Amino acid sequence: MNVLASIRIALRALRINKLRSALTMLGIIIGVAAVITMIAVGSGAQSQIEDQIKGLGTNLIILMPGSSTSGGVRMGAGSRNTLTEEDGYAIQRDVSAVQASAPTLRGTGQVVGGSGNWSTVFYGVSPEYFEARNWVVAQGKGFEAADIAGSAKVALLGDTVARNLFGDTDPVGQVIRIRKVPFTVIGTLEKKGQSLMGQDQDDVILMPISTARNRVLGQGAGRLRTVGSVSIKIRDGESMTEAEAQIRELLRQRHRIQPAQEDDFTLRNLSEVLSAREESSKIMGLLLAAVASVSLLVGGIGIMNIMLVSVTERTREIGLRMAVGARGRDILTQFLVEAITLALIGGLLGIALGVSSSVAIGKLAGWPIQLGIEPVALAVGFSAAIGIFFGFYPARKASRLLPIEALRYE
Amino acid sequence: MSTPLITTRELAKSYALGGFTVQALRGVSVEINAGEFVAVMGPSGSGKSTFMNLLGCLDTPSGGEYLLAGDRVSGLGSDALAAIRNRRIGFVFQSFNLLPRTSALENIALPLLYSGVAGEERNRRATARLAEVGLADRGHHHPAQLSGGQQQRVAIARALVNDPVLILADEPTGALDTQTSCEVMALLQQLNAQGMTVVLVTHEHDIAEFAKRVITFRDGRVIEDHMVERPKDAAVLAAQLRAEQVVEEARP
Ligand SMILES: Nc1ncnc2c1ncn2[C@@H]1O[C@H](COP(=O)(O)OP(=O)(O)O)[C@@H](O)[C@H]1O
Ligand SMILES: [Mg+2]
């Protein structure tokens, strides 16, 4: 007997008890739908986070001054002026694993220009900053060496700033005042969107680090050229921990820190954030697996139950089939195919329900949804496996009936 | 003399029932040749059905031997027995045993499903058998849409579809009225006339009179085995009954 004939017999048997078949499938339908929906929502959120992390760069290390101690109270990272612009350049020069090292000065202030004014953050940066922080110039151009050397009053505007000052008009070539200092806008930055912490990364102005120091923040020459932070990008394929160790070693030398003394700087990287995310997505995955296995188990037991009932109800049919020549394995195949068909139809309905509820959730809640082929394939495979697993016992029971006893069954 | 189609030697069957055993067959030795029409007679509980089930390989004996066309059957595995039931034996049951909600044609084609015959060929052969039992126009009817006699004829067509060497019928007329019984017996006689071996169980003398040989059972043993001089012709009797009925109905 071929499989096609078995499927036809199975479909007929399932059609005869439509309501019963539908109720039996319910467990699988709900299980599969839940899995599909949760994967769609979960991986949508996951990929949004991943995009953000990628935007920031997982191979980014932020170097900040260490914490100071004031009367026994530690003041937190960045509270000391121990980091200099030269530290940043030295890292670029001496640590081979470093792709870009950009010392940065940060300031905030009122910006006036175009048709309005806006309070924002500005960064005085070296040209390596663009590479280190993955900034792309959207319009106009970036800084040149001459701009840094001459403390040129040129600025690049983040998308939010550009829009708030100039609306739809092109800001390139316009003059703005940052803390009353006139600047020429030489370019705009490509939009980045929100950061992991929910901050608007595009609410920013970039200017040469020398300009920020000399003309805006007003730190005079002759003093140590301290910086707030250094953004360091590690080359692809280089070990983050090794690069970090090398940077630490270099800075300890430069700062003449004795072996017993603590660092006067802090190194941070996003791999911590990443591993936290990985942890939470692992937990999410486990939760999903738990929900899936419980509902699929319940669905499977439902199928087993109904198949046992079906075998009992159709004992005479089994007897007759054996009397006209069905072998044990023909009967086994027939009931196994029936269980698999039941599970697979349930699985397909579950996929339909899961996909439509995912889409609905995406529309209604505005969540990012990611529907892949893998969870669907997984659901189909799982349903079939459940059909086989839970259908096998009843089917074997049917196949082991003795012809005459089955035929005489009342 | 050629090998008998059926040979049983001291065939025995006992059932364990609670604490004690029931001896349903206590050593039955018979030979049935190809082309015979045998009626197995006897009171209820005498072991007729048990004997038939053993001949049909639906059950296995607890003692003795059974040879089908010279081949030992006792001791074969369940798959081999299934193959014998499928290809060499056709069953007709008292309760028809047709699959419900399944067309007459599909019911007839059922044995072919298990001998690996392709769909179109199955349909072709089932259609031919249906015509032979005179129900060519009922192919798509379900059992519930057919009369008892028609259902039994579908069951006979099913028994014939795989060209068996032997038809086994256990009380095939038990659920039918006299008229329809005669028609079914006429069909079996016709098949026998074409060379088919038929073994039939009945407890009615009227039905046994259509056979060429009667074997009588009592308490699991054969107590009598004789040839019938001139078996009655079921077709003639059926025609007579039909005529009488017409007269009956015509009467005011
Ligand atoms: N499955 C069974 N279990 C126990 N006893 C049985 C079984 N089948 C038949 N018998 C017994 O075997 C004897 C013969 O039964 P059976 O062959 O059906 O008789 P018949 O068909 O001549 O009426 C009876 O006494 C019956 O009760
Ligand atoms: Mg009986």
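Just so it is clear, the structure is predicted and the values come from calculations on it, not from any experiment. (Residues numbered from 1 in each chain as written. Chains lettered and ligands numbered in written order. Predicted model: local features only at pLDDT ≥ 70, side-chain atom pairs only at ≥ 80, totals over all residues. Heavy atoms only, no water.)

How would you sum up the sheet that holds strand 9 (residues 213–218) of chain B? Please name residues and give values.
Residue and element names in this part refer to chain B. As summarised here, the arrangement of the 6 strands in space is 6-7-8-3-9-10, forming an open sheet in which the pairing is mixed. In this open sheet, the two strands that pair with only one neighbour each are strand 6 (89–92) and strand 10 (221–227). For this sheet, the mean angle separating the axes of adjacent strands, direction not counted, is 15°. When strand 6 meets strand 7 (residues 166–170), the two strands line up parallel, connected through 4 bridges. Bridging across to strand 7, Val92 finds its partner in Ala169. Packed on one face of the sheet, helix 5 (residues 148–160) meets strand 6 and strand 7 and runs near 170° to strand 6. (Pairing = 2+ DSSP bridges. Helix = DSSP H or I, 4+ residues; strand = E, 2+ residues; numbered from the N terminus. Axes fitted to C-alpha atoms, helices over the stretch in contact; angles between N-to-C directions. Contact = heavy atoms within 4.5 Å.)

Go over the packing of aromatic side chains, please, and point to the residues and values.
Per the counting criterion, the structure on display carries 5 aromatic pairs over all chains. Considering the side-chain rings of Phe51 of chain B and Phe217 of chain B, the 5.1 Å spacing of their centres and the 45° angle between planes classify their relative orientation as tilted. On the criterion of sequence distance, the pair formed by Phe51 of chain B in helix 1 (residues 48–55) and Phe217 of chain B in strand 9 is long-range, its members being 166 residues apart. The exposure class assigned to Phe217 of chain B is buried, which follows from its relative accessible area of 0%. Looking at Lys192 of chain A, its charged tip hangs above the ring of Trp135 of chain A, at a distance of 4.2 Å from the centre. (Phe/Tyr/Trp six-rings, centres within 6.5 Å; stacked < 30°, edge-to-face > 60°. Buried < 20%, exposed > 50% of the residue type's maximum accessible area, 1.4 Å probe, protein only. Lys NZ or Arg CZ within 6 Å of the ring centre and 35° of its normal.)

I'd like to hear about the layout of surface pockets, residue by residue, with values.
Of the volumes computed, that of the second largest pocket is approximately 910 Å³. Going through the elements one at a time, helix 1 (3–16), helix 2 (18–56), helix 9 (271–313), helix 10 (315–323) and helix 11 (328–365) of chain A together with helix 3 (104–113) and helix 4 (119–132) of chain B are the ones with two or more residues in the lining of the second largest pocket. Examining the composition of the lining of the second largest pocket, we find that 7 residues originate from one element, helix 1 of chain A, more than from any other. When the residues that make up the lining of the second largest pocket are grouped by side-chain class, the tally is 17 nonpolar, 12 polar and 12 charged. (1 Å grid on protein atoms, 1.4 Å probe; cavity = no way out; pocket = protein on both sides within 12 Å on 5 of 7 lines; lining within 4 Å. Points joined across faces, edges and corners; volume = space filled by probe spheres on them. Nonpolar A, V, L, I, M, F, W, Y, C, P; charged D, E, K, R; others polar.)

Before we move on, can you summarise the site of ligand 1 with the specific residues and values?
Near ligand 1 lie 13 residues; those nearest to it are Gly45, Gly47, Lys48, Ser49 and Thr50 of chain B. Mapping the residues adjacent to ligand 1 onto the chains of the assembly identifies chains A and B. Where the shell around ligand 1 is concerned, the elements lending two or more residues are strand 1 (6–17), strand 2 (20–32) and helix 1 of chain B. At 3 residues, helix 1 of chain B tops the list of elements feeding residues into the shell around ligand 1. Of the residues contributing to the shell around ligand 1, the split by class is 5 nonpolar, 6 polar and 2 charged. (Near = heavy atom within 4 Å.)

Hey, could you go over helix 5 of chain B for me, with residue numbers and the actual values?
For helix 5 of chain B, spanning 13 residues, the distance from its first C-alpha to its last is 18 Å, which sits close to the expected 18 Å at 1.5 Å a residue. The element helix 5 of chain B is extensively covered by neighbouring structure, given that 11 of its 13 residues are classed as buried. Inspection of helix 5 of chain B places Gly149, Gln150, Gln151, Gln152, Val154, Ala155, Ile156, Ala157, Arg158, Ala159 and Leu160 of chain B among the buried residues, and these make up the whole buried set. Looking at the buried residues of helix 5 of chain B, the elements they touch are helix 10 of chain A together with strand 6, helix 3, helix 4, strand 7 and helix 6 (178–193) of chain B. (Expected span 1.5 Å × (residues − 1).)

I'd love a proper account of the packing of helix 6 of chain B against helix 8 (residues 234–250) of chain B, names of residues and values included.
Residue and element names in this part refer to chain B. As a packed pair, helix 6 and helix 8 sit with axes 8 Å apart at the nearest point and diverge in direction by 155°. Overall, the two elements helix 6 and helix 8 adopt an arrangement that is roughly antiparallel. Here helix 6 runs over helix 8; the crossing is left-handed. For the pair formed by helix 6 and helix 8, the contact residues are Thr178, Gln179, Cys182, Glu183, Met185, Ala186 and Gln189 on the first element and Ala234, Ala235, Leu237, Ala238, Leu241, Arg242 and Gln245 on the second. (Parallel < 35°, antiparallel > 145°, perpendicular 65-115°, else oblique. Left-handed = near helix turned anticlockwise from the far one by under 90°.)

Describe the pairing of strand 10 (residues 204–208) of chain A, naming the residues involved and giving the relevant values.
Residue and element names in this part refer to chain A. Burial analysis of strand 10 places 5 of its 5 residues in the buried class, the great majority of the element. For strand 5 (residues 116–125) and strand 10, the ladder comprises 5 bridges, and the chain directions are parallel. Looking at strand 10, one finds that Phe122 is bridged to Ile205. The pairing of strand 7 (residues 154–157) with strand 10 spans 2 bridges and is antiparallel. By the bridge assignment, Leu157 is partnered in strand 10 with Ile205.

Tell me about the nonpolar core, and please be specific about residues and values.
If you look at soluble globular proteins, the nonpolar side chains tend to sit buried side by side. The biggest cluster of nonpolar side chains holds 67 residues, and the ones touching the most others in it are Ile6, Phe51, Leu68 and Val199 of chain B. For this core, the element with the highest residue contribution is helix 11 of chain A, accounting for 8 residues. Contacts of Val199 of chain B, omitting those with residues within four sequence positions, involve Ile6, Ile32, Val38, Val40, Met52, Leu55, Leu166, Ile167, Leu168 and Ala169 of chain B. Formed by 44 residues, the second largest nonpolar core is a distinct cluster that contains Ile108, Ala155, Ile167 and Leu176 of chain B. (Core = buried A, V, L, I, M, F, W, Y, C linked by side-chain atoms within 4.5 Å.)

Tell me what's going on with a nonpolar patch on the surface, and back it up with residues and numbers.
There is a patch of nonpolar side chains on the surface, built from Val3, Leu4, Ile7 and Leu11 of chain A and spanning about 340 Å² of accessible area. Examined against the element boundaries, Val3 of chain A turns out to sit in helix 1. (Patch = residues over 30% accessible without salt bridge, like charges linked within 9 Å, V, L, I, M, F, W, Y side chains within 5 Å. Areas by Shrake-Rupley, 256 points an atom, 1.4 Å probe, with all protein chains shown as cover. Salt bridge = Lys/Arg side-chain N within 4 Å of Asp/Glu carboxyl O.)

Can you tell me about the interface of chain B and chain A, naming the residues and giving the values?
Counting residues at the interface gives 21 residues for chain B and 23 residues for chain A. Across the contact surface, chain B and chain A share 2 salt bridges. For Asp79 of chain B, the salt bridge is made with Arg329 of chain A, and the minimal N-O distance between the two is 2.9 Å. At the boundary of chain B and chain A, one finds 10 residue pairs in polar contact (both at pLDDT 80 or more). (Polar contact = N/O pair within 3.5 Å; in protein donor to acceptor, adjacent residues only side chain to side chain.)

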